[in-house]
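Coordinates in review
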Amino acid sequence: MAPGVELHLLEVGHCRHPEWITIRGGAWSACRFPSLCVLILHPQAGPILYDTGYAERFDEATAPVPERFYRWLTPVTLPPHQHLLAQLRGCGVDAADVVRVLISHLHADHVAGLRDLPRARFVALRAEIASVRGLGRVAGLRRAFLPALLPGDFDARLEYADDRPLRALGSEWAPFTEGFDLLGDGSLLGIPLPGHSACQLGLAVRRSDGRRCFLAADACWSARAFRERRLPSVLARPLMHDWQAYRRTLDDLGALALAQPDLHIVPSHCASSIAALRDDWSGRP
Ligand SMILES: [Zn+2]
């Protein structure tokens, strides 16, 4: 049986934008969208992160034009107590202790902290990495990708999730059928979630107390979206890599939620999901 892991939900900054862009029927007012990083404590492998959230380097990377448009569109707040390294220290983890970062996708709000983790290996899906190779500044910006956020030795530290063994998932994860066994022990199963970006890496995980969790990154921006099958505004379509794939992934999440009402499905920017899970989980940071 796969070992269970301990999860800590870290909110590493947030941005604000009008809710109605992220979900049809949403509020006209600007809402807070936290940026989630999950600290995964595996009993043997050591500390692993799922994404990093924001970092001060986001400000540096978006200081020049045209990158400055990014911060105009999504104003970012990162109070000192939410800095990734401060929160890791609060969990007893030093930056140099982090052995891996599982990168859901390369949007800046998910990878801004990579350069603060000197010894971590990086894990992502091949299609996601290929989608930004060779992009110029403007083309990269249109995909919310800021190359300045990646360490100079990113390629040398990169591992592809697709190179891991593909495992059949149990019926409890349907309609998702297969996942990449990221550590080789069945504890962390990487699930491709195409659409929002070229290919996000979702994560199916079982905690040490037996409860299951599905980290869904930006497959949707709120739990309400998959529960009520609500798409984003048409104005959000240009932000998507593949709109039809996005719809299919959202449908799959909705079907999973319907079949497994006790499963925690966590979109990375859903404030209510993160707050509810923090209250529910005993291992809260
Ligand atoms: Zn994204």
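Anything mentioned here points back to the structure above.
Rules and cut-offs
- Residues numbered from 1 in each chain as written.
- Predicted model: local features only at pLDDT ≥ 70, side-chain atom pairs only at ≥ 80, totals over all residues.
- Heavy atoms only, no water.
- Helix = DSSP H or I, 4+ residues; strand = E, 2+ residues; numbered from the N terminus.
- Rg over C-alpha atoms; globule rule 2.2 N^0.38 Å.
- Buried < 20%, exposed > 50% of the residue type's maximum accessible area, 1.4 Å probe, protein only.
- Areas by Shrake-Rupley, 256 points an atom, 1.4 Å probe, with all protein chains shown as cover.
- Lys, Arg positive; Asp, Glu negative; His and termini not counted.
- Charge placed at Lys NZ, Arg CZ, Asp CG, Glu CD.
- Donors = N, O, S within 2.8 Å, 3.2 Å for Na, K, Ca; no water.
- Tetrahedral: all angles 85-135°; square planar, octahedral: opposite > 155°, others 65-115°.
- Expected span 1.5 Å × (residues − 1).
- Contact = heavy atoms within 4.5 Å.
- Polar contact = N/O pair within 3.5 Å; in protein donor to acceptor, adjacent residues only side chain to side chain.
- Phe/Tyr/Trp six-rings, centres within 6.5 Å; stacked < 30°, edge-to-face > 60°.
- Pairing = 2+ DSSP bridges.

**Thoughts on the overall build of the protein chain**
The helix and strand tally for the protein chain stands at 11 helices and 13 strands. Relative to a compact globule of 285 residues, whose C-alpha radius of gyration would be 19 Å, the protein chain shows 17 Å and is just as compact. Each principal axis of the C-alpha atoms in the protein chain carries an extent, and together these give about 50 × 40 × 35 Å. Counting the 285 residues in the protein chain, one finds 53% classified as buried. Per element, the accessible surface of the protein chain, about 12100 Å² overall, is 52% carbon and sulfur. Charged side chains of the protein chain number 32 positive and 31 negative; the gap between the two group centres comes to 4 Å.

**A few points about the coordination of the zinc ion**
Protein coordination at the zinc ion: the donors are His105 (NE2), His107 (ND1), His196 (NE2) and Asp218 (OD), at 2.2 to 2.3 Å from the metal. Its 4 donor atoms give the zinc ion angles of 91 to 171° at the centre, a pattern that matches the irregular case. All donors of the zinc ion come from a single chain, and their spacing in sequence reads H-x1-H-x88-H-x21-D. With His107 in the loop between strand 5 (100-102) and helix 5 (108-111) and Asp218 in the loop between strand 12 (212-217) and helix 9 (223-227), this residue pair connects regions lying 111 residues apart in the sequence. Residue classification places His107 among the buried positions, given a relative accessible area of 11%. Residue Asp218 is classed as buried on the basis of its relative accessible area of 2%.

**Thoughts on helix 10 (residues 243-259)**
Its 17 residues give helix 10 an end-to-end C-alpha distance of 25 Å, which sits within 8% of 24 Å, the value for a rise of 1.5 Å per residue. Those residues of helix 10 that fall on the buried side of the exposure criterion are Trp243, Ala245, Tyr246, Thr249, Leu250, Leu253, Gly254, Leu256 and Ala257. Buried residues belonging to helix 10 abut strand 10 (188-193), strand 12, helix 9 and strand 13 (264-267). The N-capping residue of helix 10, defined by a side-chain oxygen 3.1 Å from the backbone nitrogen of Gln244, is Asp242.

**With respect to the packing of aromatic side chains**
The relative placement of two aromatic rings is captured by the distance of their centres and the angle of their planes. According to the stated counting rule, one finds 7 aromatic pairs in the structure shown. Ring centres 5.1 Å apart and planes at 85° place the aromatic pair Phe58 and Tyr70 in the edge-to-face group. Of this pair, Phe58 sits in helix 2 (residues 56-61) while Tyr70 is found in helix 3 (residues 68-73), placing the two residues 12 residues apart along the sequence. In this structure, Phe58 and Tyr70 share a single accessibility class: buried.

**Some details on unusual backbone geometry**
Between Val65 and the following residue, Pro66, the backbone shows a cis peptide bond with an omega angle of 15°. With respect to the helices and strands, Pro66 occurs in the loop between helix 2 and helix 3. Note that the residue after Ala174, namely Pro175, is joined by a cis bond; omega there is 15°. Along the chain, Pro175 falls in the loop between strand 8 (166-168) and strand 9 (178-181). Not every positive phi belongs to a glycine, and Asp51 is a case in point at roughly 65°. Take Asp51: it is sitting in the loop between strand 3 (46-50) and helix 2. The backbone phi angle of Ala217 is positive, close to 50°, even though this residue is not glycine. Mapped onto the fold, Ala217 is located in strand 12.

**Comments concerning the pairing of strand 1 (residues 6-18)**
In this structure, strand 1 lies alongside strand 2 (residues 30-42), joined through 11 bridges in antiparallel fashion. In the strand pairing of strand 2, Glu6 is matched with Leu41. The pairing of strand 1 with strand 4 (residues 76-77) spans 2 bridges and is antiparallel. Within strand 4, the position partnered with His14 by the bridge is Thr77.

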